[in-house]
Amino acid sequence: MSVVPELPEVDALAAFLRERAVGHAITSASVTAISALKTFDPPLHALAGGTITAVARHGKFIDLTVGAEPLHLVFHLARAGWLRWFDEVPKTILKPGKGPIALRVKLDDGAGFDLTEAGTKKSLAVYVVRDPDDVPGIARLGPDPTAPGFTLADFQAVLDGRRTQIKGVLRDQSVFAGIGNAYSDEILHAARMSPYALAAKLTPEQVETLFTALRDTLAEAVAAASGRPPADLKDAKRRGMQVHARTGEACPVCGDTVREVRFADSTFQYCPTCQTGGKPLADRVLSRLLK
Ligand SMILES: [Zn+2]
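Residues numbered from 1 in each chain as written. Predicted model: local features only at pLDDT ≥ 70, side-chain atom pairs only at ≥ 80, totals over all residues. Heavy atoms only, no water.

With reference to specific residues and values, describe the overall build of the protein chain.
Secondary structure summary: the protein chain contains nine helices and 10 strands in total. C-alpha extents for the protein chain along the principal axes are approximately 60 × 40 × 35 Å. Residues counted as buried form 47% of the 291 residues belonging to the protein chain. Intrachain contacts of the protein chain at a sequence separation of at least 6 include 65% that bridge at least 24 residues. When the accessible area of the protein chain is evaluated, it comes to approximately 13,800 Å², of which 53% is carbon and sulfur surface. Within the protein chain, the 33 negative side-chain charges are centred at a point lying 8 Å from the centre of the 35 positive side-chain charges. (Helix = DSSP H or I, 4+ residues; strand = E, 2+ residues; numbered from the N terminus. Buried < 20%, exposed > 50% of the residue type's maximum accessible area, 1.4 Å probe, protein only. Contact = heavy atoms within 4.5 Å. Areas by Shrake-Rupley, 256 points an atom, 1.4 Å probe, with all protein chains shown as cover. Lys, Arg positive; Asp, Glu negative; His and termini not counted. Charge placed at Lys NZ, Arg CZ, Asp CG, Glu CD.)

Laid out in structure tokens, this is it:
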């Protein structure tokens, strides 16, 4: 199972950087995958010499505030990206365009981090901006569903009038910031709700159940990820999953077999007994092949 960073993992990475990097100056920041850098003004080298004063999370983006006239180093790990921390950054010279390293940041105490991306489809993104809202993906973000002030009434208001399937609504970043494929599977399983239920047709009771499931699932995952070093977060996420990426295994709640629905470039999992009245959902890819 590949582990795509979502809100709880990104939150833990941000907390880790806050603890280890805040108060330290950046001595150098260099991209090896030139396509990863999405901005050119201010330039990447403008970060050098600036002290990191804060680390924030916006949805699945991490935002480092750097320098007195602050610049923001913002990044999004996409589907196959990760952060590798070094107490002592290796001395090896990075070759542009080669290997999994997209960005290397060195700090004044010799520590630092790489952003890496596995695979050939590169979508990890790095931005240097004066205001985080200059990043289009951040400007578009919907409310953060884990924010203390986000209420059931806010949740209901967001769902009202959306005649689309709840699975897609939950993972749409412009609707809710930070939830992806894995946690939307987990939230729907916890709420005992079909991924194909239409958002606008949920009863007030269902909305409340879903809201509780969302808050509890994310709070548990944030707590499980919190305080772990970056290298441990993927395993922590895998272990916490009840149905996501567990096709063919027994549902831990009812013992039914976890099933999946496949799309061209993604798969999601659910439990028929818990979520769809025992009825397996049509597999889109398979049913197209059978026609
Ligand atoms: Zn079940």
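Having seen it, we continue.
For the sheet that holds strand E5 (residues 81–86), give the residues involved together with the corresponding values.
Taking strand neighbours across the sheet as the criterion, the four strands line up as E1-E6-E7-E5 in an open arrangement whose pairing is antiparallel. Looking at the sheet topology across the chains shown, the edges are occupied by strand E1 (26–31) and E5. Averaged over all pairs of adjacent strands, the angle between their axes in this sheet comes to 15°, without regard to strand direction. Across five bridges, the pairing between strand E6 (residues 101–107) and strand E7 (residues 112–117) is antiparallel. Bridge pairing in E7 places Leu103 opposite Leu115. Sitting on the sheet, helix H1 (residues 7–21) touches E5, E6 and E7, and the angle it makes with E5 is about 25°. (Pairing = 2+ DSSP bridges. Axes fitted to C-alpha atoms, helices over the stretch in contact; angles between N-to-C directions.)

I'd love a proper account of the pattern of salt bridges, names of residues and values included.
Counted by the stated rule, this structure contains 11 salt bridges. One salt bridge in this structure joins Asp41 and Arg130, with 3.7 Å as the shortest N-O distance. Taken together, the residues Asp41 in the loop between E1 and strand E2 (52–58) and Arg130 in the loop between strand E8 (125–129) and helix H2 (136–139) connect sequence positions 89 residues apart. What makes Asp41 exposed here is its relative accessible area of 52%. Where Arg246 meets Glu249, a salt bridge forms, and the shortest distance between an N and an O atom there is 3.3 Å. Through salt bridges with shared partners, a single ionic network connects Glu6, Glu9 and Lys237. (Salt bridge = Lys/Arg side-chain N within 4 Å of Asp/Glu carboxyl O.)

Now, about the UniProt feature "domain: Formamidopyrimidine-DNA glycosylase catalytic" (unreviewed entry) in the protein chain: what can you tell me, with residues and values included?
When the UniProt feature table is mapped to this numbering, "domain: Formamidopyrimidine-DNA glycosylase catalytic" (unreviewed entry) covers residues 5–89. Measuring from the first to the last C-alpha atom of residues 5–89 gives 23 Å, for a span that is 18% helix and 36% strand. (UniProt positions renumbered as here; feature names shortened; annotations may be inferred.)

Please set out the coordination of the zinc ion residue by residue, giving values where relevant.
Here the zinc ion is held by the protein donor atoms Cys251 (SG), Cys254 (SG), Cys271 (SG) and Cys274 (SG), which lie 2.2 to 2.3 Å from it. Given four donor atoms and angles of 96 to 113° at the metal, the environment of the zinc ion is assigned as tetrahedral. Along the chain, the residues donating to the zinc ion are arranged with the sequence spacing C-x2-C-x16-C-x2-C. Here Cys251, found in the loop between helix H7 (230–240) and strand E9 (259–262), pairs with Cys274, found in helix H8 (residues 272–275); they are 23 residues apart in sequence, far enough to count as distant. Residue classification places Cys251 among the buried residues on the basis of a relative accessible area of 3%. (Donors = N, O, S within 2.8 Å, 3.2 Å for Na, K, Ca; no water. Tetrahedral: all angles 85-135°; square planar, octahedral: opposite > 155°, others 65-115°.)

An account of the sheet that holds E8 is requested, with residue identities and associated values reported.
What the four strands build is an open sheet, ordered E2-E3-E4-E8; its pairing is antiparallel. Pairing within the sheet leaves two strands with one partner each, and these edge strands are E2 and E8. Within the sheet, the average angular offset between the axes of one strand and its neighbour, ignoring direction, is 15°. Here E2 runs beside strand E3 (residues 61–66); their pairing, made up of six bridges, is antiparallel.

Would you mind going over the pairing of E3 in detail, with residue names and values included?
For E3, the tally of buried residues reaches six of six residues, placing the bulk of the element in the interior. Of the two faces of E3, both are covered, the one formed by Phe61, Asp63 and Thr65 as well as the one formed by Ile62, Leu64 and Val66. Counted along the chain from E2 to the antiparallel partner E3, the turn is two residues long, and its residue Gly59 has a positive phi close to 55°. By the bridge criterion, six bridges tie E3 to strand E4 (residues 71–76) in an arrangement that is antiparallel. Bridge pairing links Leu64 to Leu73 in E4.

Any details on helix H3 (residues 152–159)? Residues and values, ideally.
Inspection of H3 places Phe155, Val158 and Leu159 among the buried residues, and these make up the whole buried set. Projected down its long axis, H3 shows its buried positions confined to an angular sector of 95°, all on one face. In H3, the exposed positions that point more than 90 degrees away from the buried face belong to Ala153 and Ala157. On its buried face, H3 sits against helix H4 (166–171) and helix H6 (204–225). (Arc of directions from axis to C-beta.)

Kindly report on the UniProt feature "domain: FPG-type" (unreviewed entry) in the protein chain, identifying the contributing residues and their values.
UniProt records the feature "domain: FPG-type" (unreviewed entry) at residues 242–276, using the numbering of this structure. With 11% helix and 23% strand, residues 242–276 has end C-alpha atoms that lie 16 Å from one another.

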